[in-house]
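Each chain, written out:
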Amino acid sequence: MTVTARPPVRRSESVSGRVRTLAGLSLLTLALLLAAILAGAASTGSGLRTIGHDAGPQVLATTGLYRQMSEMDALVAETLLLGREYGPQQQADLTSYDQRRLEISESLLKAYRLALDDPSEQRTVESLIEGLGRYERLATQARLLDMQTQHTAGQPPDHVVEAYQKATDLMHRELLPQAYNLTLETGTIVRRAHDAERSATSLARSAVIVTGLLALACLLVLQAYLTRRFRRVFAPALVAATMLTAAGLVTGTALLTRQGQALEEAKRRGFDAVLTLTRARAISTSMHGDQSRYLLDRFRKDTYEHTFLDKSRTIAAVESTSLPDYQSKLQANFQGLLGSLTGQDRQRLFAAYQRFQQADARMRTMSAEAAIKFWDGELTEAYESYDTVLEELVRRHESDFERAIDSGDGALDTLWRSIPGGLATGALLILAGVWPRLREYR
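Being a predicted model, the structure only gives us computed values, none of them experimental.

Draft legend 1. Just the overall build of the protein, in detail. The helix and strand inventory of the protein stands at 10 helices and zero strands. In terms of overall size, the protein is more extended than a compact globule, its C-alpha atoms giving a radius of gyration of 34 Å where 442 residues would be expected to give roughly 22 Å. Dimensions along the principal axes, computed over C-alpha positions, put the protein at roughly 120 × 45 × 40 Å. Every one of the 442 residues in the protein was classed for burial, and the buried ones make up 49%. Surface exposure of the protein reaches about 21,400 Å², of which carbon and sulfur atoms provide 56%. The protein carries 52 positive and 51 negative side-chain charges, and their two centres are separated by 16 Å.

Next up, the structure:
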């Protein structure tokens with residue numbers, strides 16, 4: 001039996017094989033680093049788009065819709081309560097009513113455009129449009145009946161009040177709940193997107209760090225092997241590739257961190273704050289409308305007082321048994337929607353809210369005629385001062401929201417423009433660095 005000896009592997013083939021292996025590992029880890037950075041950027045970018053450009057603006061638009069609809073119904077009550085001697089003010093209320101109607105149309109159009117991928121939300125918007133048409137007809141009927149009576153300031157005749165009851169019942173029992181549900185649905189989308197993208201961003205950062213360190217380790221091993229085997233101190237192309245890889249690791253991690261911080265800032269200090277304050281403003285508008293309805297409708301006077309109390313507890317929660325008890329116990333350590341405010345914002349808003357509640361308490365102790373004059377003067381001024389403070393806080397947090405989204409978008413744009421090109425150049429430099437050594441063994 002003849003045994004054929006296998007020829008020994010030449011040393012040159014062994015060296016070139018190791019160089020190819022190390023270079024291949026370096027390229028592979030560099031590709032993994034790029035993939036981790038791009039995956040993290042895509043994930044965080046998706047969250048920024050959801051919160052900053054899609055569902056987030058829709059939530060804010062629908063929250064504003066709730067306030068606009070509440071104010072529209074309150075303006076109808078005001079025009080019915082004011083008599084013929086308040087003609088100019090009635091006309092001003094009707095002008096404001098038309099402005100709110102235009103704003104509502106724009107908000108609904110925006111909500112519908114943003115809900116193109118959700119048939120359920122589209123149906124809700126369509127139902128609101130149809131319901132507002134019915135409300136318009138009922139409110140117009142009440143105003144026409146009121147114009148025919150030519151009554152003085154105060155409660156209009158019962159048939160006018162009954163006509164208005166149909167309109168306000170439609171608004172508060174059907175339309176406002178639909179608007180609120182629309183806000184809840186889109187708000188859930190934002191919360192889920194934020195939670196998912198926050199976890200994905202954290203995972204992406206970890207993946208970037210791991211793959212980046214592996215890429216640097218492979219490049220350092222490759223350079224050490226070439227230096228020892230070929231007795232060269234440096235391979236300039238590989239040194240440049242290592243520097244680009246390190247820069248990609250640091251820059252990618254920093255930009256992903258900046259995107260994550262922007263997402264968190266937009267959600268916490270921007271979106272959440274605006275949503276809370278806008279909802280508080282919407283409820284406060286409805287409270288001011290309840291004051292008008294309290295003076296307008298003697299049949300539901302107690303109901304509107306109780307509704308005013310419930311909404312007050314939502315705004316600033318205080319343990320109480322009645323509205324006078326609530327107003328007497330109202331202190332700066334309240335909870336509720338506005339309970340999360342701190343510092344000067346809390347003090348300033350509480351002072352305005354307390355003046356509004358104190359004015360309301362005074363109105364309820366007056367005779368009907370005196371109460372209407374007080375409501376039209378000092379009480380409305382107190383409400384407007386309180387509403388102005390709320391509006392200023394909303395505008396400030398809207399600016400915080402927009403700045404955070406712009407910061408995240410800027411980080412994403414920088415990442416897409418710099419990282420892929422830099423790492424691709426690093427890959428070419430790796431090939432350029434090992435090719436002369438491999439060519440020696442051809």
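Past the structure itself, the notes keep going.
Draft legend 2. Region of the structure containing the packing of helix α7 (residues 301–315) against helix α9 (residues 343–363). The interhelical angle for the contact between α7 and α9, taken along N-to-C directions, is 165°, at an axis separation of 13 Å. When the axis of α7 is compared with that of α9, the two are roughly antiparallel. Here the hand of the crossing between α7 and α9 comes out left-handed. Across from F308, S312 and I315 in α7, the residues of α9 making contact are Y353, F356, Q357 and D360. Looking at side-chain class alone, the contact of α7 with α9 contains four nonpolar, two polar and one charged residues.

Draft legend 3. Representation of the nonpolar core within the structure. Core analysis: the biggest nonpolar cluster contains 81 residues, and M69, Y135, I315, L338, Y353 and Y386 have the highest contact counts within it. Ranked by residue count, the leading element in this core is helix α10 (residues 368–439), at 15 residues. M69 has contacts with I104, L128, L132, M171, L175, L176 and A179, leaving out every residue within four places of it along the chain. Of all hydrophobic cores here, the second largest spans 28 residues; its members include A23, L30, L255 and L415.

Draft legend 4. Looking closely at α7. The terminal C-alpha atoms of α7, which comprises 15 residues, lie 21 Å apart, in line with the 21 Å expected from a rise of 1.5 Å per residue. Of all the residues in α7, the buried ones are Y304, F308, L309, K311, S312 and I315.

Draft legend 5. Quick peek at the pattern of salt bridges. Under the criterion given, the structure shown has 28 salt bridges. Between R268 and E265 there is a salt bridge; the shortest N-O distance is 3.7 Å. Here the residue R268 and the residue E265 both occupy positions in helix α6 (residues 236–296), the gap between them amounting to three residues, near one helical turn. Overall, the relative accessible area of 48% leaves R268 in the partly exposed class. A salt bridge links R313 to D310; the shortest N-O distance between them is 3.9 Å. With R313 and D310 both in helix α7, this residue pair falls three residues apart, about one helical turn.

Draft legend 6. View of the packing of aromatic side chains. For the coordinates displayed, the defined rule picks out six aromatic pairs. Between the aromatic rings of Y353 and Y386, the centroid separation amounts to 5.4 Å while the plane-to-plane angle is 55°, which identifies the pairing as tilted. Of this pair, Y353 sits in helix α9 while Y386 is found in helix α10, placing the two residues 33 residues apart along the sequence. Looking at Y353, the relative accessible area reads 2%, which means it is buried. Centroid distance F356 to Y383: 5.7 Å. Interplanar angle 55°. Geometry classified as tilted. On the criterion of sequence distance, the pair formed by F356 in helix α9 and Y383 in helix α10 is long-range, its members being 27 residues apart. Over the face of the ring belonging to F334 we find R346, whose NZ or CZ atom lies 4.3 Å from the ring centre. Lying over the aromatic face of Y294, R364 brings its terminal NZ or CZ to 4.4 Å of the ring centre.

Draft legend 7. View of the side chain of T168. Turning to its location among the elements, T168 is positioned in helix α5 (residues 158–230). Not counting the four nearest positions on each side in its chain, T168 is found in contact with D73, Y135, R293, R300 and Y304.

Draft legend 8. Seen up close, α9. In this model, α9 (21 residues) spans 31 Å end to end at C-alpha, consistent with the 30 Å of a helix rising 1.5 Å per residue. The complete set of buried residues in α9 reads D345, R346, L349, F350, A352, Y353, F356, Q357, A359, D360 and M363.

Reading the values: rules and limits
Residues numbered from 1 in each chain as written. Predicted model: local features only at pLDDT ≥ 70, side-chain atom pairs only at ≥ 80, totals over all residues. Heavy atoms only, no water. Helix = DSSP H or I, 4+ residues; strand = E, 2+ residues; numbered from the N terminus. Rg over C-alpha atoms; globule rule 2.2 N^0.38 Å. Buried < 20%, exposed > 50% of the residue type's maximum accessible area, 1.4 Å probe, protein only. Areas by Shrake-Rupley, 256 points an atom, 1.4 Å probe, with all protein chains shown as cover. Lys, Arg positive; Asp, Glu negative; His and termini not counted. Charge placed at Lys NZ, Arg CZ, Asp CG, Glu CD. Axes fitted to C-alpha atoms, helices over the stretch in contact; angles between N-to-C directions. Parallel < 35°, antiparallel > 145°, perpendicular 65-115°, else oblique. Left-handed = near helix turned anticlockwise from the far one by under 90°. Contact = heavy atoms within 4.5 Å. Nonpolar A, V, L, I, M, F, W, Y, C, P; charged D, E, K, R; others polar. Core = buried A, V, L, I, M, F, W, Y, C linked by side-chain atoms within 4.5 Å. Expected span 1.5 Å × (residues − 1). Salt bridge = Lys/Arg side-chain N within 4 Å of Asp/Glu carboxyl O. Phe/Tyr/Trp six-rings, centres within 6.5 Å; stacked < 30°, edge-to-face > 60°. Lys NZ or Arg CZ within 6 Å of the ring centre and 35° of its normal.

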